[in-house]
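Residues per chain, in single letters:
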Amino acid sequence: MRYSFILLLCIGLIYLAGSCQTGREQKDTQNYLRQVGDITSDLTLDTPDFKTCNGEEYAFQYFNTGEGFRYQGEKTALVSHILNTYKPISSTTDHSGYIRIRFIVNCKGEAGRFRIISSNFDYQEKVFDKAITNQLLRILKELDGWKIMTKNEKPLDYYLYLIFKLDNGHITEILP
């Protein structure tokens, strides 16, 4: 009986604490993204002329496409171009780990909203030399062979990502 009373008292206090107001209205002012990982436009990072075609809420995630690699000549052509263009950076600092670049391809086959996440081989955050990340960004921004994706004959915007595995500044693998 005693424990039931304590339990009811606790539940009552929790209810009261949740329903009390501090004299001002409580509003949820935080905006949430449609999905975790959505890339919103940021004019400090993005090219101002890059636009999605179907609004922010209709960019397909890469795992929803089911259509394979979306580049002219497939992954082989993309990897070949990147490896032939990239120039390894010589440095005394260890530039080994992963650099993931995620972006959107719009309904016109244009890429934009590039975002970088990088880590060491233990998946701990790592900052790479800007000469490496800027070079990879430049190479990706210059690519013009992205395929247009359609659904019901309507062109779509979609997300893509590439992960560069580096060993002392040399690209050893490009995923996925």
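Located above this text is the structure these notes cover.
A quick note: this is a predicted structure, and the numbers were derived from the prediction, not measured.

Undergrad: Got a sec to walk through the packing of aromatic side chains? Specific residues and values, please.
TA: All chains considered together, the criterion is met by five aromatic pairs. The interplanar angle of 0° and the centroid separation of 5.4 Å between the aromatic rings of Tyr98 and Tyr123 together place this pair among those described as stacked. Here Tyr98 is found in strand S2 (residues 97-105), whereas its partner Tyr123 is found in the loop between strand S3 (111-119) and helix H3 (130-142), with 25 residues between them in sequence. Ring geometry for Phe103 versus Trp146: centroids 5.2 Å apart, planes at 55°, classification tilted. Here Trp146 lies in the loop between H3 and strand S4 (149-151) and Phe103 lies in strand S2, a separation of 43 residues in the sequence. For Phe103, a relative accessible area of 0% gives the class buried. Across from the ring centre of Phe128, 5.4 Å away, lies the NZ or CZ of Lys126, which sits over that ring.

Undergrad: How would you summarise the state of the cysteines if you had to cite specific residues and measurements?
TA: One pass over the full model with this rule turns up one disulfide. Covalently, Cys53 is tied to Cys107 through a disulfide, its sulfur atoms 2.0 Å apart. Around the S-S axis, the bridge from Cys53 to Cys107 shows a dihedral of about -85° and counts as left-handed. Pair noted here: Cys53 is in the loop between helix H1 (2-19) and strand S1 (59-60) and Cys107 is in the loop between S2 and S3, with a separation of 54 residues, a long-range link.

Undergrad: Would you mind going over the nonpolar core in detail, with residue names and values included?
TA: Within soluble globular proteins, side chains that are nonpolar tend to cluster in buried spots. Residues Ile82, Ile101, Leu140, Trp146 and Phe164 are the most contacted members of the largest nonpolar core, which totals 27 residues. By residue number, the principal contributor to this core is strand S5 (residues 154-167), which donates six residues. The residues touching Ile101, leaving out its near neighbours within four places in the chain, are Phe114, Arg115, Ile116, Leu136, Leu137, Leu140, Leu160, Tyr161, Leu162 and Phe164.

Rules behind the numbers
Residues numbered from 1 in each chain as written. Predicted model: local features only at pLDDT ≥ 70, side-chain atom pairs only at ≥ 80, totals over all residues. Heavy atoms only, no water. Phe/Tyr/Trp six-rings, centres within 6.5 Å; stacked < 30°, edge-to-face > 60°. Helix = DSSP H or I, 4+ residues; strand = E, 2+ residues; numbered from the N terminus. Buried < 20%, exposed > 50% of the residue type's maximum accessible area, 1.4 Å probe, protein only. Lys NZ or Arg CZ within 6 Å of the ring centre and 35° of its normal. Disulfide = S-S within 2.5 Å. Core = buried A, V, L, I, M, F, W, Y, C linked by side-chain atoms within 4.5 Å. Contact = heavy atoms within 4.5 Å.

Interpretation in functional terms is not warranted from these geometric data alone.
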